[in-house]
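# Structural description and commentary
Residues per chain are reported as follows:
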Amino acid sequence: MQQRISMTRQTKNGKIRYYKLELLSTLFGDFIVEREYGNIMYKSPTGIKKSFFDNYNDAYEMFIK
């Protein structure tokens, strides 16, 4: 099961920022909530943060927050 949310925002000085949030299941039955954010002018994201969970309910709770 995979869920994804993508958002963009234009700042006052015209730069466009993005934020992606993804809920992924692993091959081993664990779940990952991955957050990626940055500026669309750059190829690489400013940051990527991953949180690991043993069950879907905990991962989904983090995902919706």
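Residues numbered from 1 in each chain as written. Predicted model: local features only at pLDDT ≥ 70, side-chain atom pairs only at ≥ 80, totals over all residues. Heavy atoms only, no water.

Here the focus is the overall build of the chain. What the chain contains, in helices and strands, is one helix and four strands. Secondary structure of the chain in N-to-C order comes out as β-β-β-β-α. Taking 11 Å as the expected radius of gyration for a compact globule of 65 residues, we find that the chain reaches 14 Å, considerably beyond that expectation. Dimensions of the chain along its principal axes, counting C-alpha atoms only, are 45 × 20 × 15 Å. Split into buried and exposed, the 65 residues of the chain put 26% on the buried side. For the chain, restricting intrachain contacts to residue pairs at least 6 apart in sequence, the fraction spanning at least 24 positions comes to 23%. (Helix = DSSP H or I, 4+ residues; strand = E, 2+ residues; numbered from the N terminus. Rg over C-alpha atoms; globule rule 2.2 N^0.38 Å. Buried < 20%, exposed > 50% of the residue type's maximum accessible area, 1.4 Å probe, protein only. Contact = heavy atoms within 4.5 Å.)

Quick look at the packing of aromatic side chains now. Two numbers describe a pair of aromatic rings. These are the distance of the centres and the angle of the planes. Scanning the model with the defined rule gives three aromatic pairs in all. Ring plane angle 70° and centroid distance 5.6 Å describe the contact between F31 and Y56, whose orientation is recorded as edge-to-face. One end of the pair, F31, is in strand β3 (residues 31-39); the other, Y56, is in helix α1 (residues 56-64), and 25 residues separate them in sequence. Residue classification places F31 among the buried positions, given a relative accessible area of 16%. One aromatic cluster in this structure is built from F31, Y56, Y60 and F63. (Phe/Tyr/Trp six-rings, centres within 6.5 Å; stacked < 30°, edge-to-face > 60°.)

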